[in-house]
Amino acid sequence: MVTPAPFGESQVTTNELPREPNELDRLVAAACDGDRPAFDELVRRTYVDTYTLAMRLTAHEEDARDVVQETYLRAWKGLKGFRGDAQFTTWLYRITANTAYTTVKRRRRHRADSLDALLEEPVETRIEAQPEESAEQSAALARLSGALEQLPPKLRVLVVLKDVYGLTHEEIAEELGISVAAAKVRLHRGRKRLRDLVYEDAQQDGKRWDHAV
Amino acid sequence: MQCDEVARILPEAVEGGAAVELSVQRHIEQCLRCQAELARYRRMLRGLQLLRTRYLEPAPGLLAQTLAAIEEAGERQAVRSILSGRRLAYVGAIGGAAVAAGTAATVMIVHRSRRRTFSATS
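On a predicted model such as this, the values are computed, not experimentally measured, just so you know.

**A short note on the overall build of chain A**
(1) Moving on: Across its full length, chain A carries nine helices and one strand.
(2) Moving on: Taking all 213 residues of chain A together, the buried fraction comes to 42%.

Here you go:
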């Protein structure tokens, strides 16, 4: 059984995305013209973000690494089709979501008959405190992140893409190959289940989640 | 309107943008229990938005592996295009040779038939 690495162990607080959007646009334009070094630089600047999304979607270290590689391969091949009417990062999120979704489905099929599927436990989440946030808030976010991982993948992907990354229902539906109505239903169920996990678990532990976030 | 009915709508209503029926709005305004529940959903959404800026650091080596994978894919593509270019050249050469052979054969046949006609008439 492959034991996923805990989220918390690799949690960082730095913002790896370029601070100057124009610089990113310049790199994207150069990469679209086939400039490989420019694309490599784009990878360098965005891979932590892509990895974070991949981890949140797959909740599995090994799968997340595969998703990152596959995402950039697809991005490199598909750059000519990038029209620039959306942000490059949003475009990358969509590719990541599509790749992760396929990976998770494949993984579930592959592991369905094995004991792993039964024994696999949710990844423990521990978020290190950012300087400006209280220990209480950090703990609350860690709990939320942990609850997110406990959601079934089909619901988790919707909550992550919509509520964490701000993709639209239409964008999500297109990448996952589902209808907009199905995306809305799954988001509804995902939020409801997440609410139960966050608040009911907190009540069981005798903790108040409410005031931390 | 009952609290249970409102609770079913709250996961959507929390965004605010979705059209919430007036009866639901009125119920929430008067019901402390539903107000508390809506507040829970709002806090949860705020927490999810905060997660957006919490980056996870990948294990060392991911960047190098990713760049190497792109490099490798690029090389494979280049080899494939060279091979497909060569294949085109081979096909072109074979086609040209076939056309040339056909033309030569036709010329020979025509030439022979003319000679036969000529010797028969003479």
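After that view, the rundown keeps rolling.
**Some details on the nonpolar core**
Residue and element names in this part refer to chain A.
(1) Moving on: With 64 residues, the main nonpolar core has Tyr51, Ala54, Val157, Leu158, Val159, Val160 and Leu161 as its most contacted residues.
(2) Moving on: Here the element with the most residues in this core is helix 2 (residues 36-58); it accounts for ten residues.
(3) Moving on: Those residues within four positions of valine 160 in sequence are excluded, and the remaining contacts are Arg56, Leu57, Leu148 and Tyr165.

**Thoughts on the interface of chain B and chain A**
(1) Moving on: Contact residues are listed per partner, giving 30 residues for chain B and 41 residues for chain A.
(2) Moving on: Mapped onto the side of chain B that touches chain A, the elements with two or more residues apiece are helix 1 (3-13), helix 3 (32-51), strand 1 (55-56) and helix 4 (62-121) of chain B.
(3) Moving on: The greatest single-element share of the side of chain B that touches chain A, amounting to eleven residues, is contributed by helix 3 of chain B.
(4) Moving on: Here the side of chain B that touches chain A is composed, by residue class, of 17 nonpolar, six polar and seven charged.

**A look at the packing of helix 1 of chain B against helix 2 (residues 22-30) of chain B**
All names here are of chain B.
(1) Moving on: Running from N to C, helix 1 and helix 2 cross one another at 100 degrees; their axes reach a closest spacing of 11 Å. On the basis of the axis angle, helix 1 is roughly perpendicular to helix 2. Where helix 1 abuts helix 2, its residues Val6, Ile9 and Ala13 lie against Val24, His27 and Ile28.
(2) Moving on: Partitioning the contact of helix 1 with helix 2 into residue classes produces five nonpolar, one polar and no charged.

**Quick word on the confidence of the model for chain B**
Residue and element names in this part refer to chain B.
(1) Moving on: Here chain B averages 84 in pLDDT, and 87% of its residues register 70 or above.
(2) Moving on: The weakest mean pLDDT in chain B belongs to helix 4 at 81; the strongest belongs to helix 3 at 93.
(3) Moving on: Among the prediction metrics, the complex's ipTM stands at 0.75, with pTM recorded as 0.73.

**Observations concerning the packing of helix 7 (residues 153-164) of chain A against helix 3 of chain B**
(1) Moving on: One way to put it is that helix 7 of chain A packs onto helix 3 of chain B with a least axis distance of 8 Å and a crossing angle of 85 degrees. As far as their axial angle goes, helix 3 of chain B and helix 7 of chain A are roughly perpendicular. Mapping the contact onto sequence places Val159(A), Asp163(A) and Val164(A) in helix 7 of chain A and Leu45(B), Leu48(B), Gln49(B) and Leu51(B) in helix 3 of chain B.
(2) Moving on: Per-class residue counts for the contact of helix 7 of chain A with helix 3 of chain B are five nonpolar, one polar and one charged.

**Overview of the domain arrangement of chain A**
All names here are of chain A.
(1) Moving on: The domain architecture assigned to chain A consists of domain 1 (13-121) and domain 2 (133-213).
(2) Moving on: Taken together, the ten residues of domain 1 in the interface contact 13 residues of domain 2.
(3) Moving on: For the side of domain 1 that touches domain 2, the elements supplying multiple residues, two or more each, are helix 2 and helix 4 (88-111).
(4) Moving on: Among the elements that make up the side of domain 1 that touches domain 2, the one with the highest residue count is helix 4 (six residues).
(5) Moving on: Of the residues assigned to the side of domain 1 that touches domain 2, the class counts are seven nonpolar, one polar and two charged.

**Side note on the domain arrangement of chain B**
Quite often, the size of an interface is put as the accessible area lost when its parts meet.
(1) Moving on: Looking at chain B, the domain boundaries give domain 1 (3-51) and domain 2 (85-122).
(2) Moving on: Averaged C-alpha coordinates put domain 1 of chain B and domain 2 of chain B at centres separated by 85 Å.

About the criteria used
Residues numbered from 1 in each chain as written. Chains lettered and ligands numbered in written order. Predicted model: local features only at pLDDT ≥ 70, side-chain atom pairs only at ≥ 80, totals over all residues. Helix = DSSP H or I, 4+ residues; strand = E, 2+ residues; numbered from the N terminus. Buried ≥ 20, exposed ≤ 12 C-beta atoms within 10 Å, placed from the backbone. Core = buried A, V, L, I, M, F, W, Y, C linked by C-beta atoms within 7 Å. Contact = placed C-beta atoms within 7 Å. Nonpolar A, V, L, I, M, F, W, Y, C, P; charged D, E, K, R; others polar. Axes fitted to C-alpha atoms, helices over the stretch in contact; angles between N-to-C directions. Parallel < 35°, antiparallel > 145°, perpendicular 65-115°, else oblique. pLDDT = per-residue confidence, 0-100. Domains from an automatic or database assignment.

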